[in-house]
Amino acid sequence: DGRKIEAMEIVRLTPELVRDYLDFFDRTPHDDGTPEGRCYCVCWNTAGDDGCDFSTAESRRSAAEKFVREKKLNGYLAYEDGKVIGWCAAGRKSEYLTCYSGRRYLAPLSREDDAAVRSVLCFVISPEYRRKGVATELCRKVCSDSEGYDYIEAYPIKEFMSEQYDFVGPFGMYEKLGFEITADLGDRAVVRKKIRKTTGADI
């Protein structure tokens with residue numbers, strides 16, 4: 001629609017921002033575009049999900065509130081004029097392997113190694129702000145705010161299929177930001193960017 005982003009601020013999700021997080025998912029069409037399809041990104045959490053009910057939007061919202069307050073949902077919010085316009089889920093790869101999406105998507109894609117790896121897992125952007133660089137700036141923030149890691153890793157689909165399946169971020173974005181392919185899996189790739197590691201951080 002030609003809208004330009006005048007001033008975007010990107011901040012790490014904290015328990016104090018739980019209302020902003022929930023409001024963003026409450027009002028943002030996601031996945032299949034229906035209210036029932038809102039994910040609240042609960043399947044990417046570091047709490048595991050044994051015994052969790054993710055069967056309805058209401059139960060996912062309730063779980064999201066709990067996870068954010070407990071610092072079990074990790075990532076960044078993009079704001080314009082005090083309103084959230086985008087979200088990126090990102091955190092320590094090893095901590096995601098027991099959650100639903102970790103078992104289903106992450107474990108089959110990525111090799112085990114001894115490196116400290118931070119995974120970029122999911123983007124949700126408000127429809128009116130898509131294709132305006134919001135995801136790129138969120139990813140830049142992940143890369144610049146990752147002291148204590150060896151690599152940033154992501155799992156893009158190489159050719160655009162649909163908004164529903166491109167939630168991992170476009171392949172071209174990662175190329176532009178200096179990620180390199182470490183595994184070519186046909187229609188999908190594992191890409192990494194090396195981070196200068198410093199001591200004393202555990203993000």
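None of these values were measured; they are calculated from a predicted model. (Residues numbered from 1 in each chain as written. Predicted model: local features only at pLDDT ≥ 70, side-chain atom pairs only at ≥ 80, totals over all residues. Heavy atoms only, no water.)

### Quick word on the pairing of strand 7 (residues 189-194)
Relative to strand 7, strand 5 (residues 151-154) runs antiparallel, the two being bridged by 4 bridges. Looking at strand 7, one finds that Glu153 is bridged to Arg192. Two elements, strand 6 (residues 180-184) and strand 7, share 4 bridges in a ladder whose sense is antiparallel. Paired with Glu180 across the two strands is Arg192, which belongs to strand 7. Linking two consecutive strands that pair antiparallel, namely strand 6 and strand 7, is a turn of 4 residues; a positive phi of about 90° is found at Gly186 within it. (Pairing = 2+ DSSP bridges. Helix = DSSP H or I, 4+ residues; strand = E, 2+ residues; numbered from the N terminus.)

### Concerning the packing of aromatic side chains
Going through the model one piece at a time under the given rule, you end up with 7 aromatic pairs. Measuring from centroid to centroid gives 5.3 Å for Phe24 and Phe25, while their planes differ by 80°, and the two rings are edge-to-face. The burial state of Phe24 is the same as that of Phe25; both residues are buried. Arranged with centres 5.0 Å apart and planes meeting at 75°, the rings of Tyr174 and Phe179 form a pair that is edge-to-face. When sorted by exposure, Tyr174 lands in the same class as Phe179, which is buried. Site record: aromatic cluster; members linked through ring pairs are Tyr21, Phe24, Phe25, Tyr40 and Trp87. Against the face of Tyr151 rests Arg192, its NZ or CZ located 4.7 Å from the ring centre. (Phe/Tyr/Trp six-rings, centres within 6.5 Å; stacked < 30°, edge-to-face > 60°. Buried < 20%, exposed > 50% of the residue type's maximum accessible area, 1.4 Å probe, protein only. Lys NZ or Arg CZ within 6 Å of the ring centre and 35° of its normal.)

### A word on the pattern of salt bridges
Applying the stated criterion to the full structure yields 11 salt bridges. Of the charged contacts, one joins Lys93 and Glu153 as a salt bridge, the two residues approaching to 3.3 Å between their closest N and O atoms. Here Lys93, found in the loop between strand 3 (83-92) and helix 3 (100-109), pairs with Glu153, found in strand 5; they are 60 residues apart in sequence, far enough to count as distant. Across this residue pair, the class does not change: Lys93 and Glu153 are buried. (Salt bridge = Lys/Arg side-chain N within 4 Å of Asp/Glu carboxyl O.)

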